[in-house]
Amino acid sequence: MNEEDNPALGCRGARYLLQRPALLQEQARALACASRISPVHVIYPMITSPDQFVRLKAIFMEAIAGISGAQLSHGIMFEVPSACMEAGELYQVIDFGRIGSNDLVQYLFACDRGGNDFNYDELANSPAMWRTISDLCRIARNAGKPLELCGAMADNPAMIPGLIELGIDTISTRPEYVAAARRAARACLESRHDVPED
């Protein structure tokens, strides 16, 4: 990769793959082969528009044309505000969505997540962030397709009840935070008398 003055706003994720389709094609074939054993969810990173996703998926599908028995679903990371603003259009072409809370906070508030003055919990708990998540949940629900969340919001047990109330029922977090996340989820569901059987 070329050195960039501001790599957080540079050529990464979807833009990088569109400039280097051979890299995506190689990854696509590996994922398709693995999915013959067990279903694979393919997540396209740093998507900014429906057209960008459609172009990347076309490259992916062309690369795996000769591979039979693939069990694949295709989704995106909602981590760029422009994708959140076009979520309705995106949900017409994706199978699922996942909120990348770390980058979404960074780009939503124009605040460098690597900076010394970056207060993640304060920004993630702001009305603007919760309104964005609420809008995405509503759009996903209307589309009848899943919406998940990963990042540091999933690491914080205090955030779990709010996510559940909005409709997020799947999160991804680091192993050391799983037990606390489960406890927070169970407490929230018990308060609503809505605890699923293990």
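Everything quoted here is computed from the prediction, not taken from an experiment. (Residues numbered from 1 in each chain as written. Predicted model: local features only at pLDDT ≥ 70, side-chain atom pairs only at ≥ 80, totals over all residues. Heavy atoms only, no water.)

Draft legend 1. Expanded view of helix α3 (residues 50–63). With 14 residues, α3 extends 20 Å from end C-alpha to end C-alpha; this agrees with the ideal 20 Å at 1.5 Å per step. Among all positions in α3, only Pro50, Gln52, Phe53, Leu56, Ile59, Phe60 and Ala63 are buried. Where α3 is buried, its residues meet α1 (14–19), α2 (21–34), β1 (40–44), β2 (72–78) and α5 (87–90). (Helix = DSSP H or I, 4+ residues; strand = E, 2+ residues; numbered from the N terminus. Expected span 1.5 Å × (residues − 1). Buried < 20%, exposed > 50% of the residue type's maximum accessible area, 1.4 Å probe, protein only. Contact = heavy atoms within 4.5 Å.)

Draft legend 2. A look at unusual backbone geometry. At Met46, a residue that is not glycine, the phi angle is positive and equals roughly 60 degrees. Its location among the elements puts Met46 in the loop between β1 and α3.

Draft legend 3. Expanded view of the sheet that holds strand β5 (residues 171–172). What the 5 strands build is an open sheet, ordered β1-β2-β3-β4-β5; its pairing is parallel. The strands lining the two open edges of the sheet, one partner per strand, are β1 and β5. Of the strand pairs in this sheet, β2 and strand β3 (residues 96–100) are connected by 4 bridges, and their pairing is parallel. Directly across from Ile76, in β3, lies its bridge partner Gly97. Where helix α6 (residues 101–108) meets the sheet, it contacts β2, β3 and β4 (147–150), and its direction lies at approximately 65 degrees from that of β3. Docked against the sheet, helix α8 (residues 127–143) engages β2, β3 and β4, running at close to 150 degrees with respect to β4. (Pairing = 2+ DSSP bridges. Axes fitted to C-alpha atoms, helices over the stretch in contact; angles between N-to-C directions.)

Draft legend 4. Expanded view of the nonpolar core. Within the largest apolar cluster, 45 residues are counted, with the highest numbers of intra-cluster contacts made by Phe78, Ile99, Ile133, Leu147 and Met153. With 7 residues, α8 is the single largest residue contributor to this core. Core analysis: the second largest hydrophobic core is formed by 6 residues, Ile164, Ala184, Cys188 and Leu189 among them. (Core = buried A, V, L, I, M, F, W, Y, C linked by side-chain atoms within 4.5 Å.)

Draft legend 5. Just the pairing of β1, in detail. Burial along β1 is one-sided: Val40, Val42 and Tyr44 are buried, and none of His41 and Ile43, which face the opposite way, are. Of the strand pairs in this sheet, β1 and β2 are connected by 5 bridges, and their pairing is parallel. The residue of β2 that forms the bridge with His41 is Ser73. Each parallel crossover has a hand, and for β1 linked through α3 to β2 it is right-handed. (Right-handed = clockwise from strand over helix to strand, strands pointing away.)

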